[in-house]
Amino acid sequence: MQPNDLPSHGGDRHWALQTAGCTLQELIDFSANINPLGPPAAVLDAWQESTEMLLHYPDPECRELRRALGKHLEVDPEGILCGNGEAELLTWAGRECAQHGTTILPVPTFGDHTRALAAFGARVHKVALNEDFSLPPLPDGDALLLANPHNPSGKLYSASELLVLAERFALVVLDEAFMDFIEHSNEHSLIRRVQQCTHLVVLRSMTKFYSLPGLRLGYAVLDPELARRWQGWRDPWSVNGLAQHLGVIALSDVDFHTRTRTWLACARARLVEELAALPGLEVLPGAANFLLVRTKVSAVYLQRELLSRHRLFIRHCTSYEGMGERYFRVAVRSDADNARLVSALAEVLG
Ligand SMILES: Cc1ncc(COP(=O)(O)O)c(C=O)c1O
């Protein structure tokens, strides 16, 4: 239980299945922000023919995947480090921050940021974001850890704002887990600035956009010297061979990238409109593939009712610092799933 005695199972699927009394196939999961269009067809095809990957140790340096990422991102592969999900790279970012003095951590934020910083005893100074999740004036510090787009609000900070901010810190770690979902993401991402700003580290996840959360794959774009240091900290085979192989194939599916962004723009707009029409709900204007909703009725109550009556799993935000029971977050899913959510919410709220 959390300090205020609210259940902490924001996104715990095992708990959700028990509460809903259904199987995994029957549950519609709005709590994890996974692209409903994926995994890309090419990945599913390749998966069938990848048994070879089980027979060998993976490449500890992920050379092919880094080469493919370098081409995809237009950055030097020497400055790319692949990880067992972005979460693994957050761990090493936490260690790096711990070596830098005080880390400024705008909150609320993704819980794993706190975990990674605590793992190495980093000194952390939390700073509350403004009510609209924009950045307040930040105090001085040595390192900064921030998600862009922000989780759980989906707010997108401008590249220019972040570049100005970055000048004030010796280390800046940007968690761009959801950046692939953003239209014209190159204009918003700082990935291509890393080469000039060697104190900048950008982390990306490949599990959400490509719908591969079980495979575990992410990467960091960072100064090659830092990449070598982090590589030296970890075990040699943290990114398995299958993930490396399928990651290369996922990147090559350009059609999947385009289809996802086109789908998201329409599906999100429709869901915003329909949720906003329900009584007592206010939808925050997020740029990512999920929506944060302010609710007059307790989000913990809504989560439980939607689960037990409709087998729909939303994410209440009580585990996010300072958010309490008045917010929930939902992934944008297929039109059919989104429609089910809207009508179930209408019933529960009605
Ligand atoms: C903001 C943010 N960063 C990182 C991650 C971790 O992603 P991965 O599945 O690649 O470890 C998540 C997962 O939910 C996230 O929301």
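Remember, it's a predicted structure, so these values are computed and weren't measured experimentally. (Residues numbered from 1 in each chain as written. Predicted model: local features only at pLDDT ≥ 70, side-chain atom pairs only at ≥ 80, totals over all residues. Heavy atoms only, no water.)

*Asks:* Got a minute to help me understand the packing of aromatic side chains in this structure?
*Replies:* Aromatic rings in a pair are described by how distant their centres are and how their planes are angled relative to each other. In this structure the tally under the stated criterion is eleven aromatic pairs. Here the aromatic rings of Tyr57 and Trp237 are separated by 4.6 Å at their centres, their planes lie at 40°, and the arrangement is tilted. Of this pair, Tyr57 sits in the loop between helix H2 (41-48) and helix H3 (63-73) while Trp237 sits in the loop between helix H8 (224-233) and helix H9 (241-252), placing them 180 residues apart in sequence. An aromatic cluster is built from Phe178, Phe181, Phe209, Tyr210, Phe256 and Phe290, whose rings are joined through pairwise contacts. (Phe/Tyr/Trp six-rings, centres within 6.5 Å; stacked < 30°, edge-to-face > 60°. Helix = DSSP H or I, 4+ residues; strand = E, 2+ residues; numbered from the N terminus.)

*Asks:* Teacher, can you tell me more about the pairing of strand E4 (residues 123-128) here?
*Replies:* A regular strand carries its side chains on alternate faces of the sheet. Taken together, the six bridges between strand E3 (residues 102-107) and E4 define a ladder with parallel strand orientation. Across the sheet, Leu105 pairs through a bridge with Lys126, a residue of E4. With helix H5 (residues 111-119) bridging E3 and the parallel E4, this β-α-β connection has right-handed handedness. (Pairing = 2+ DSSP bridges. Right-handed = clockwise from strand over helix to strand, strands pointing away.)

*Asks:* How should I be thinking about the sheet that holds strand E7 (residues 200-205) in this particular structure?
*Replies:* Hydrogen bonds along the backbone pair up the strands of a sheet, which may run parallel or antiparallel. Pairing within the open sheet is mixed, and its seven strands lie in the order E2-E8-E7-E6-E5-E3-E4. What marks the edges here is a single partner per strand, and that holds for strand E2 (80-83) and E4. The mean angle between the axes of side-by-side strands here comes to 20°, regardless of whether they run parallel or antiparallel. Summarising the sheet, strand E6 (residues 171-175) and E7 pair through four bridges and their orientation is parallel. Following the sheet pairing, Val172 is matched in E7 by Leu200. Set on the sheet, H3 makes contact with E2, E7 and strand E8 (218-221); between it and E2 the angle comes to about 120°. (Axes fitted to C-alpha atoms, helices over the stretch in contact; angles between N-to-C directions. Contact = heavy atoms within 4.5 Å.)

*Asks:* Is there a simple way to explain the domain arrangement of the chain in this structure?
*Replies:* Bring the parts together and some accessible area is lost; that lost area is often taken as the interface size. Parsing the chain into structural domains produces domain 1 (13-39 + 255-349) and domain 2 (51-252). Once you take the C-alpha centre of each, domain 1 and domain 2 turn out to be 25 Å apart. Contact residues are listed per partner, giving 24 residues for domain 1 and 30 residues for domain 2. Contact between domain 1 and domain 2 buries roughly 2,200 Å² in total, counting both sides, with carbon and sulfur atoms accounting for 64%. When the buried area of domain 1 at its contact with domain 2 is split by residue, His257, Arg261 and Glu321 rank highest and sum to 27% of it. Counting the contacts that link domain 1 with domain 2 gives one salt bridge. Of the charged contacts in the structure, one is a salt bridge between Glu321 and Lys126, with a shortest N-O distance of 2.9 Å. For the pair domain 1 and domain 2, the interface holds ten residue pairs in polar contact (both at pLDDT 80 or more). Looking at the side of domain 1 that touches domain 2, the elements that each hand over two or more residues are helix H10 (254-276), strand E10 (290-295) and strand E13 (327-331). (Domains from an automatic or database assignment. Buried area = accessible area lost by both parts, 1.4 Å probe. Salt bridge = Lys/Arg side-chain N within 4 Å of Asp/Glu carboxyl O. Polar contact = N/O pair within 3.5 Å; in protein donor to acceptor, adjacent residues only side chain to side chain.)

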